[in-house]
Amino acid sequence: MRLSGKHILLGITGSISAYKAADLCRLLVKEGADVRVIMTPAATGFISPLTLSVLSKNPVGLHMILPDDTWNNHVELGLWADLMIVAPASANTMAHFATGTCESLLDAVYLSARCPVMIAPAMDHDMFLHDATQENLVALRDRGNIIVGPASGELASGLIGEGRLVEPQEIANAVIDFFKKDLPLNGTSFLVTAGPTREPIDPVRFISNHSTGKMGVAIANALFDAGADVTLVAGPLQIDIPKGIKHIPVSTAAQMFEAAKSVFASQSGAVLTAAVADYTPETVATDKVKKKEAQWTLPLVKTVDIAEELGKMKSPKQVLVGFALETSNEIANAQAKLKKKNLDLIVLNSLKDEGAGFGTDTNKITFIGDNLIQEFPLKSKVGVAGDIVAKIIQLLHA
Ligand SMILES: Cc1cc2nc3c(=O)[nH]c(=O)nc-3n(C[C@H](O)[C@H](O)[C@H](O)COP(=O)(O)O)c2cc1C
């Protein structure tokens, strides 16, 4: 939900592409934005206000003066918004905006809005190329309005050329990018490993562990919400991966290492939450092992230590965070790991703590860093992810 808590005014004008505004509205709401729609009277000839009121879950503003002689408070609407988007923006409405003409509720809200305004023009090719439209566009851009598009392609008139409304998903992306630039991890990228690994014994059996991937996905999500590009290298997970996070599915420890190694060099850092197998069967039987002997000894060999290998690759600018699940001598073991593996931070969780560990929705962690031992109370995994991301932001700027 990359637009959670954002107030967005969506202005719709009388263009044949007005139907696409319904999709844009839906995408913005899906990303968590509170959307209020204002339509010009001409827009209602192309799409019904009812559609937009259902999709935005808010009444649609149409007129400055209401039938009961009250008014639609354009000043209040203009102050409420964090961002105003006009999509599609007709040549007529752009001319109003450029000249300060105030004939519709949308014009009035535009003139009173203090927030940034995004304008996505949509019109026929020749209307768009006309000197009047081009001059209005330059004036609007020079005044700080963000112009999105138009795109080139087939137009409703049958002409081919510039004038198409940019696709709703692209406008939604522009909105997300607009808000992203203020986020603390904008411009950074992080690798997160999550979930268990599976080490095959034969075609039907494997060695694995109880990791569900909940903690790793919560961290990937928190990094993403803070503006980072996130790549999640994950073993088989029991939860969905939120949209926007790049997912590289793997199974064995060796595959996880190869995937993590290939991504790590280009990242600002990595958070290694995966419960990676320490040992893997020396050989994998090609056929299912039959139940014959009273005892079965399975030779195991050490897997590659992903944290240690990434620690060797780490540049001074990168932040490397590891997880440690200990059952005894927790702090001393974690401190030793921190040094040996060249990590910046270890997030320690102990199986002794109730509510911590595998499968739970909560976790109780301690940060172990250079001269740092910081204990946290039991929190939701989402809350814990927030603490870890706050620490990463600190480490990145240190
Ligand atoms: C079928 C049809 C399609 C239209 N499509 C567009 C369009 O894509 N872009 C545009 O600027 N005007 C278009 N117009 C003209 C506008 O609807 C007209 O200029 C109207 O006054 C715009 O009012 P508004 O800016 O208040 O919404 C179209 C008109 C018709 C009848």
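Keep in mind it's a predicted model, so treat the numbers as computed, not measured. (Residues numbered from 1 in each chain as written. Predicted model: local features only at pLDDT ≥ 70, side-chain atom pairs only at ≥ 80, totals over all residues. Heavy atoms only, no water.)

**Details of the site of the ligand**
Link 1 in the chain: Neighbouring the ligand are 14 residues; G14, T40, S90, A91 and T93 lie closest to it.
Link 2 in the chain: Within the side chain of T40, an N or O atom sits 2.6 Å from an oxygen atom of the ligand.
Link 3 in the chain: Look at the ligand: alone it shows 640 Å² of surface, and the protein chains cover 63% of it.
Link 4 in the chain: The greatest single-element share of the shell around the ligand, amounting to three residues, is contributed by helix α4 (residues 91-99).
Link 5 in the chain: Here the residues of the shell around the ligand are counted per class, giving seven nonpolar, seven polar and no charged. (Near = heavy atom within 4 Å. Polar contact = N/O pair within 3.5 Å; in protein donor to acceptor, adjacent residues only side chain to side chain. Areas by Shrake-Rupley, 256 points an atom, 1.4 Å probe, with all protein chains shown as cover. Helix = DSSP H or I, 4+ residues; strand = E, 2+ residues; numbered from the N terminus. Nonpolar A, V, L, I, M, F, W, Y, C, P; charged D, E, K, R; others polar.)

**A short note on the sheet that holds strand β3 (residues 83-89)**
Link 1 in the chain: On the basis of which strands lie adjacent, the open sheet formed by five strands has the order β2-β1-β3-β4-β5 and parallel pairing. Strands at the two margins of the open sheet, each flanked by one partner only, are β2 (34-39) and β5 (146-147).
Link 2 in the chain: In terms of strand pairing, β3 meets strand β4 (residues 117-121) through four bridges, oriented parallel. Counted as the bridge partner of M84 is V117 from β4. (Pairing = 2+ DSSP bridges.)

**With respect to the packing of α4 against helix α7 (residues 131-142)**
Link 1 in the chain: Between α4 and α7, the least distance of the axes is 9 Å, while the angle of their chain directions is 50°. For the element pair α4 / α7, the angle class is oblique. For the crossing formed where α4 meets α7, the hand is left-handed. Side by side, α4 and α7 meet where A91, M94, A95, F97 and A98 of the first sit next to T133, N136, L137 and L140 of the second.
Link 2 in the chain: For the contact of α4 with α7, the residue count by class is seven nonpolar, two polar and no charged. (Axes fitted to C-alpha atoms, helices over the stretch in contact; angles between N-to-C directions. Parallel < 35°, antiparallel > 145°, perpendicular 65-115°, else oblique. Left-handed = near helix turned anticlockwise from the far one by under 90°. Contact = heavy atoms within 4.5 Å.)

**Topic: the environment of D387**
Link 1 in the chain: The topology assignment puts D387 in helix α13 (residues 381-397).
Link 2 in the chain: We classify D387 as buried; its relative accessible area is 17%.
Link 3 in the chain: Sequence separation between D387 and F367 is 20 residues, and the spatial gap between their C-alpha atoms is 9.8 Å.
Link 4 in the chain: Leaving out residues up to four positions away in the same chain, D387 has contacts with F367, F376 and K379. (Buried < 20%, exposed > 50% of the residue type's maximum accessible area, 1.4 Å probe, protein only.)

**Some remarks on the pattern of salt bridges**
Link 1 in the chain: A full pass over the atoms with the stated rule returns 14 salt bridges.
Link 2 in the chain: Put simply, D202 and R205 hold a salt bridge, and the shortest N to O gap is 2.4 Å.
Link 3 in the chain: Residue D202 is classed as buried on the basis of its relative accessible area, which comes to 2%.
Link 4 in the chain: Among the residues examined, R205 registers a relative accessible area of 29% and is labelled partly exposed.
Link 5 in the chain: K341 is the partner of D305 in a salt bridge, and the nearest nitrogen-oxygen pair spans 2.9 Å. Residue D305 is found in the loop between β15 (300-302) and α11 (306-313), and its partner K341 is found in the loop between α12 (330-340) and β17 (345-350); the two are separated by 36 residues along the sequence.
Link 6 in the chain: Overall, the relative accessible area of 26% leaves D305 in the partly exposed class.
Link 7 in the chain: One salt-bridge network, held together by shared partners, links K20, R164 and E167. (Salt bridge = Lys/Arg side-chain N within 4 Å of Asp/Glu carboxyl O.)

**Let's talk about the domain arrangement of the protein**
Link 1 in the chain: Domains assigned within the protein are domain 1 (7-180) and domain 2 (189-397).
Link 2 in the chain: Between the C-alpha centres of domain 1 and domain 2 there is a distance of 45 Å. (Domains from an automatic or database assignment.)

**Some thoughts on unusual backbone geometry**
Link 1 in the chain: With an omega of 0°, the peptide bond between A87 and P88 qualifies as cis.
Link 2 in the chain: Looking at where P88 falls in the secondary structure, it is placed in strand β3.
Link 3 in the chain: The peptide bond linking G149 to P150 adopts the cis configuration, its omega dihedral lying at 5°.
Link 4 in the chain: Within the secondary structure layout, P150 lies in the loop between β5 and β6 (151-154).
Link 5 in the chain: Within the chain, K57 stands out as a residue other than glycine whose phi angle is a positive 65°.

**Examining the packing of aromatic side chains**
Link 1 in the chain: By the definition in use, this model includes three aromatic pairs.
Link 2 in the chain: Geometrically, the ring pair formed by F178 and F179 is edge-to-face, given 5.1 Å between the ring centres and 80° between the ring planes.
Link 3 in the chain: Between F367 and F376, the ring centres sit 4.7 Å apart and the planes meet at 65°, which makes this aromatic pair edge-to-face.
Link 4 in the chain: Taking the relative accessible area as the measure of exposure, F367 reaches 1% and is therefore buried.
Link 5 in the chain: For the cation-ring pair, R36 lies above W80, with the distance from its terminal atom to the ring centre recorded as 4.3 Å.
Link 6 in the chain: When the ring centre of F178 is taken as origin, the NZ or CZ atom of K181, which lies over that ring, is 4.0 Å away. (Phe/Tyr/Trp six-rings, centres within 6.5 Å; stacked < 30°, edge-to-face > 60°. Lys NZ or Arg CZ within 6 Å of the ring centre and 35° of its normal.)

**Some thoughts on helix α8 (residues 168-180)**
Link 1 in the chain: Its 13 residues place the ends of α8 18 Å apart at the C-alpha level, agreeing with the 18 Å of an ideal helix rising 1.5 Å per residue.
Link 2 in the chain: Among all positions in α8, only P168, I171, A172, V175, I176, F178, F179 and K180 are buried.
Link 3 in the chain: In this fold, the buried residues of α8 make contact with β1 (7-12), α1 (20-30), β3, β4, β5 and β11 (229-234). (Expected span 1.5 Å × (residues − 1).)

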